Amino acid sequence: MLSPKNISAIYVGVLLIVIFSLWIPETFLTEATLRTLLNNNAVVVMAAIGLVLPLEAGVINLAVGVQVGAGSIFVGWLLANAGVPIPVAIVLSLALGALIGYFTAVLVVYVRIESFIATLGVTSLLAAFISGISGGRQILNMPKEFAELGPVSYTPLPQPTTSTVCISPLPV
């Protein structure tokens, strides 16, 4: 189970940590660097966790990146353009993600479209959705309270990292 073939990315990660720790220890081996690495990679890890079940089922989801983007743009649009309260916007964005997952699953399981093709098509649809609601521009004028959600943490870890740790056991 822990053969180099199965966990080679972990070996590469450890090697990179050792290299940078020896090369620039005064910069790399700091709490600030660790917090930044954890914070910046939390969303990627959450998306990767979401891929565990489809991969175990033998299907691939090429749309995962644009699904994360659609949820992000949708919550931003709800807050900045539609004036929806923060908790409602978050719940609606999560519901959109569930709806996208359900739609994709229907295409793969019931319509029997190969997952590679179905998720490629969903990617195109979601890219159009993102472009449509954003007008191809950044969504600005986000509520200050929403921006303050990320830095607030009730643990020693950054909030995105804490959220990732909390959801990580769910699909396993």
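Residues numbered from 1 in each chain as written. Predicted model: local features only at pLDDT ≥ 70, side-chain atom pairs only at ≥ 80, totals over all residues. Heavy atoms only, no water.

J.: Just to check I follow, could you spell out the layout of surface pockets for this structure?
T.: In this approach, a probe sized like a water molecule rolls over the atoms, and the result shows the empty space that is left. Taken as a whole, the largest pocket encloses approximately 1700 Å³ of empty space. V43, M46, V68, S93 and L94 are the residues nearest the centre of the largest pocket, which is lined by 39 residues in total. Counting only elements with at least two residues in the lining of the largest pocket, the list comes to α3 (31-50), α5 (64-80), α6 (86-110), α7 (115-134) and α9 (159-167). If you tally residues by element for the lining of the largest pocket, the top one is α6, at 9 residues. Class assignment of the residues belonging to the lining of the largest pocket gives a composition of 23 nonpolar, 15 polar and 1 charged. Size it by volume and the second largest pocket reaches roughly 220 Å³. Lining the second largest pocket are L34, L37, L38, N41, A42, V45, I49, T161, T164 and V165. Listing elements by their share of the lining of the second largest pocket, those giving two or more residues are α3 and α9. If you tally residues by element for the lining of the second largest pocket, the top one is α3, at 7 residues. The residue makeup of the lining of the second largest pocket, split by class, is 7 nonpolar, 3 polar and no charged. (1 Å grid on protein atoms, 1.4 Å probe; cavity = no way out; pocket = protein on both sides within 12 Å on 5 of 7 lines; lining within 4 Å. Points joined across faces, edges and corners; volume = space filled by probe spheres on them. Helix = DSSP H or I, 4+ residues; strand = E, 2+ residues; numbered from the N terminus. Nonpolar A, V, L, I, M, F, W, Y, C, P; charged D, E, K, R; others polar.)

J.: Help me understand a nonpolar patch on the surface, please; the structure alone is not making it clear to me.
T.: A cluster of nonpolar side chains, L55, I60, L62, V109, Y110, V111, I113, F116, I117 and L120, forms an exposed patch at the surface whose accessible area comes to about 950 Å². Those elements that provide at least two residues to the nonpolar patch are α6 and α7. Sorting elements by how many residues they give to the nonpolar patch places α7 first, with 3 residues. Summarising the element assignment, L62 is placed in the loop between α4 (52-56) and α5. (Patch = residues over 30% accessible without salt bridge, like charges linked within 9 Å, V, L, I, M, F, W, Y side chains within 5 Å. Areas by Shrake-Rupley, 256 points an atom, 1.4 Å probe, with all protein chains shown as cover. Salt bridge = Lys/Arg side-chain N within 4 Å of Asp/Glu carboxyl O.)

J.: Which parts of the structure should I look at to understand the packing of aromatic side chains?
T.: The geometry of two aromatic rings is summed up by the distance between their centres and the angle between their planes. A full pass over the atoms with the stated rule returns 4 aromatic pairs. Here F74 and W77 contribute two aromatic rings whose centre-to-centre distance is 6.5 Å and whose plane-to-plane angle is 15 degrees, an arrangement assigned as stacked. Taken together, the residues span about one helical turn, with F74 and W77 both in helix α5 at a distance of 3 residues. Cluster of aromatic residues (ring-pair linked, three or more members): F20, W23 and F28. (Phe/Tyr/Trp six-rings, centres within 6.5 Å; stacked < 30°, edge-to-face > 60°.)

J.: Honestly, the packing of α5 against α6 in this entry has me stumped. Any pointers?
T.: The relative placement of two packed helices comes down to the angle between their axes together with the axis-to-axis distance. Two elements in contact, α5 and α6, have axes separated by 9 Å at closest approach and are oriented at 150 degrees. When the axis of α5 is compared with that of α6, the two are roughly antiparallel. As α5 runs across α6, the sense of the crossing is right-handed. Residues Q67, A70, G71, F74, V75, L78 and L79 of α5 form the contact with α6, whose own contacting residues are I86, A89, I90, L92, S93, L96, I100 and T104. Here the contact of α5 with α6 is composed, by residue class, of 11 nonpolar, 4 polar and no charged. (Axes fitted to C-alpha atoms, helices over the stretch in contact; angles between N-to-C directions. Parallel < 35°, antiparallel > 145°, perpendicular 65-115°, else oblique. Left-handed = near helix turned anticlockwise from the far one by under 90°. Contact = heavy atoms within 4.5 Å.)

J.: Even after reading the chapter, I still don't get unusual backbone geometry, so can you show me in this structure?
T.: If a residue is not glycine, its phi is most likely negative; likewise, a peptide bond is most likely trans. Of note, R112 is a non-glycine position whose phi angle comes to about 65 degrees, a positive value. Take R112: it is sitting in the loop between α6 and α7. With a relative accessible area of 70%, R112 lands in the exposed category. Positioned with a positive phi, N141 is a non-glycine residue whose angle comes to about 65 degrees. Note on placement: N141 falls in the loop between α7 and α8 (144-147). (Buried < 20%, exposed > 50% of the residue type's maximum accessible area, 1.4 Å probe, protein only.)

J.: Just checking my understanding: could you explain the nonpolar core for this structure?
T.: In this structure, A89, I100, V122 and L126 are the most contacted members of the largest nonpolar core, which totals 18 residues. Every element with two or more residues in this core is listed here: α5, α6 and α7. The biggest single contributor to this core is α5, with 6 residues. Beyond its immediate stretch of four places on either side in the chain, L126 contacts V66, Q67, A70 and I100. (Core = buried A, V, L, I, M, F, W, Y, C linked by side-chain atoms within 4.5 Å.)

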